[in-house]
Amino acid sequence: MIEKLKRAISEYMPEADFNLLEKAFTFASNAHFCQTRATGEPYVNHCFEVAMILTELRLDVSTICAALLHDIIEDTLVVREELKEEFGEEITALIEGVTKINKYKYEDQLTAQAENWRKMLLAVVKDTRVIIIKLADRLHNMRTIKYLTPDKQKKIAQETLTLYTPFAHRLGIYMWKGELEDLTFEILEPEKYNEIRIKWQLRSENNMKNLANVESQINEKLGSAEIPFRILARPKNLYGIYKKMQRQEKPFSSIQDLFGMRIITDTEEHCYQILSIVQSEFEIVENSFTDYIAVPKNNMYQSIHTTVVGDNGIIVEVQIRTEDMHKRAEYGIAAHWRYKESFDKKNAATSKTVDTESHLEFIKHILESKDSDEFLTAIKTECNFEQIYVATPKGRVIKLPEGSTALDFAYAVHSDIGDTCMGVKVDGKIVSLDYKLTTGQTCEVLTRKNIKPTEHWLDIVVTAQAKSRIRKYLRENKNKR
Ligand code: MN
């Protein structure tokens, strides 16, 4: 197991601390020694599986170690002090966070309460990685739920659907969300589930040849255009089909776009080239074209969607995207960061350590935000992954998204400094507040007490932090002006 785990991690983090990982694994095996799961296998298998699930998101070693040890406090005699001594504060805090979540028993099954419950959870949990570990834990528990009594299965499935799938959705981890939904669907509505599953299977078997023809047509055309690509079948989401039937009040037989394929390529430009090839090769279903590359969804999802008609009238939804967009579509922004990091390693001379903390901080911000407009701008800004690094006169390095202005810098230093910012000296010269910063500059903020944020400042700043602080100030001082 440990070798398998090490291999999975080394794919995205070759220089990870594998000794620490081995230590955590041995520690978990010893602590859970003699314990078995309802499946009959050793308990440590569960810890291993949860850790493996998290490698899909390319998470850091601390998170993986915490995953291996996540049930230690609750289920064994090991205490906090011992963990802290062996693994340090960060990992211990993560484990404690997961333990804390388990203590909040979600008794009230009302959906209306679920949102409050999730909010409370976010308030209590300081580190978003705790929630991601908990999601992976729940995913593995759902995969093995068949071994519990029917009553318990129903209770856990209901809880998963109302509490945990929304987290997966919000984080954009669609791989987990889809699986969690289907696993709970099967338990909560077994008849509906089986009906749709059987019908879906029949329809796929009947259409196997037509589907293969569409694929080989695309293969042939793109192959001769010398565009790099790979084709993936879209995984089925039975719960999604069921929801669609309910929404459109239609029977299964009239649901059309059950089949899909994804064409993954390297660049945005190639996405559009592929689109035009697909469009010239197939008959296109009217109004089926949506360009989520030009206009991304709220959670940064990007792809081009178009629906084509193949042999014998088979209808196939084609999604075209880059590898980068694909990663984000499957595992959300949580994975995207790390994905980008491992690619950017060579040019990231400025960032010696992987800045996991600030990106998790941002994910938390997303989870907590209420205002959808603010939410959208926040994501759009912060997901511009190009970062710049500027220093204060004292040598503190501040990381900002590319395009940040002098005023953004002032707010990044401290919100009070931002609020009273009169000007900024960049490398010794005074610049205007809307001056765009670049990496390596040294910035000194000049403040004056009688300076106050104005409406206009909102147009100057690009970071979510500065924007929300200025808005807050304007809101609170509305009547005074
Ligand atoms: Mn567990």
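Residues numbered from 1 in each chain as written. Predicted model: local features only at pLDDT ≥ 70, side-chain atom pairs only at ≥ 80, totals over all residues. Heavy atoms only, no water.

Undergrad: Go over the coordination of the manganese ion with me, naming the residues and quoting the values.
TA: Coordination of the manganese ion by the protein involves His 46 (NE2), His 70 (NE2), Asp 71 (OD) and Asp 137 (OD), with metal-donor separations of 2.2 to 2.3 Å. Here the donor residues for the manganese ion map to a single chain with the spacing H-x23-H-D-x65-D. Linking His 70 in the loop between α4 (61-68) and α5 (72-75) with Asp 137 in helix α8 (residues 128-143), this pair joins segments that are 67 residues apart in sequence. (Donors = N, O, S within 2.8 Å, 3.2 Å for Na, K, Ca; no water. Helix = DSSP H or I, 4+ residues; strand = E, 2+ residues; numbered from the N terminus.)

Undergrad: Give me the lowdown on the confidence of the model for the chain, citing residues and values where you can.
TA: Put simply, the chain has an average pLDDT of 83, and 82% of its residues get 70 or more. A low-confidence stretch, residues 337-355 (pLDDT under 50), is modelled with 29 contacts involving residues beyond four sequence positions or located in other chains. Counting contacts from residues 370-385, a segment whose pLDDT is below 50, to residues more than four positions away or on other chains yields 32 contacts. (pLDDT = per-residue confidence, 0-100. Contact = heavy atoms within 4.5 Å.)

Undergrad: Report on the pattern of salt bridges, specifying residues and quantitative values.
TA: Opposite charge on two side chains lets them pair, provided their charged atoms get close. Taken as a whole, this structure holds 20 salt bridges when the rule is applied. Note that Arg 80 and Glu 96 form a salt bridge whose closest N and O atoms lie 2.7 Å from each other. What makes Glu 96 partly exposed here is its relative accessible area of 26%. Here Glu 90 and Arg 129 are joined by a salt bridge, their closest N and O atoms 2.9 Å apart. Linking Glu 90 in helix α6 (residues 80-103) with Arg 129 in helix α8, this pair joins segments that are 39 residues apart in sequence. A residue is classified by how much of its surface remains accessible, and Glu 90, at 40% relative accessible area, is partly exposed. Arg 129 gets classed as buried once you look at its relative accessible area, which sits at 4%. Via salt bridges that share partners, Arg 80, Lys 84, Glu 89 and Glu 96 belong to a single interconnected network. (Salt bridge = Lys/Arg side-chain N within 4 Å of Asp/Glu carboxyl O. Buried < 20%, exposed > 50% of the residue type's maximum accessible area, 1.4 Å probe, protein only.)

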